[in-house]
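Tertiary structure, described
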Amino acid sequence: SLQLVKSGGLLTFIIPSAFGRNGITYTETKERIFELGKIVDWHRFPPVFDGTDVPNDIIIIRKR
């Protein structure tokens, strides 16, 4: 998505909270995000989807 959006464009994702909490598990993905964009905002929510107990985050990224 970051490769497709125009420079300065915003992207919003709903992701599992584990993405932000797991140390080295998503290192390559996080490094790529930081190469292409900047995190503008990040909000953590308790489980919000029916049938799951996984907490979720909403992350907003602006492409460089």
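Not measured: the values here are computed from a predicted model.

Observations regarding the environment of aspartate 57
Relative to the assigned elements, aspartate 57 resides in strand β3 (residues 56-63). The class for aspartate 57 is buried, based on a relative accessible area of 0%. Between the alpha carbons of aspartate 57 and serine 17 there is a distance of 5.3 Å; along the sequence they are 40 residues apart. Here arginine 44 takes part through its side chain, which lies 2.8 Å from a polar atom of the side chain of aspartate 57.

Overview of helix α2 (residues 27-36)
Every buried residue of α2 is accounted for by Lys30, Ile33 and Leu36. Buried residues of α2 fall within an arc of 135° about the axis and therefore sit on the same side. Looking at α2, the residues exposed on the side facing more than 90 degrees away from the buried face are Glu28 and Glu35.

Examining the confidence of the model for the protein
Residues of the protein with pLDDT of at least 70 account for 100%, and the chain-wide mean is 92. Per-element averaging of pLDDT across the protein places helix α1 (residues 18-21) at the bottom with 86 and β3 at the top with 96.

As for the side chain of asparagine 56
Looking at the element boundaries, asparagine 56 is found in strand β3. When its relative accessible area of 9% is taken as the criterion, asparagine 56 is described as buried. Of the polar contacts made by the side chain of asparagine 56, one reaches the backbone oxygen of valine 54; its length is 3.1 Å. Setting aside chain neighbours within four positions, we find asparagine 56 in contact with Ile14, Ile15, Pro16, Ser17, His43, Arg44, Phe45, Pro46, Pro47, Val48 and Phe49.

Structural notes on the sheet that holds strand β1 (residues 10-16)
Taking strand neighbours across the sheet as the criterion, the three strands line up as β1-β3-β2 in an open arrangement whose pairing is antiparallel. At either margin of the open sheet sits one strand with a lone partner, and together these are β1 and β2 (37-45). Between one strand axis and the next, the sheet turns by 20° as a mean value, whatever way the strands run. As paired strands, β2 and β3 are joined by eight bridges and run antiparallel to one another. Across the sheet, the residue bridging to phenylalanine 45 is asparagine 56, located in β3. α2 contacts β2 and β3 of the sheet and is inclined by roughly 130° relative to β2.

Calculation criteria
Residues numbered from 1 in each chain as written. Predicted model: local features only at pLDDT ≥ 70, side-chain atom pairs only at ≥ 80, totals over all residues. Heavy atoms only, no water. Helix = DSSP H or I, 4+ residues; strand = E, 2+ residues; numbered from the N terminus. Buried < 20%, exposed > 50% of the residue type's maximum accessible area, 1.4 Å probe, protein only. Polar contact = N/O pair within 3.5 Å; in protein donor to acceptor, adjacent residues only side chain to side chain. Arc of directions from axis to C-beta. pLDDT = per-residue confidence, 0-100. Contact = heavy atoms within 4.5 Å. Pairing = 2+ DSSP bridges. Axes fitted to C-alpha atoms, helices over the stretch in contact; angles between N-to-C directions.

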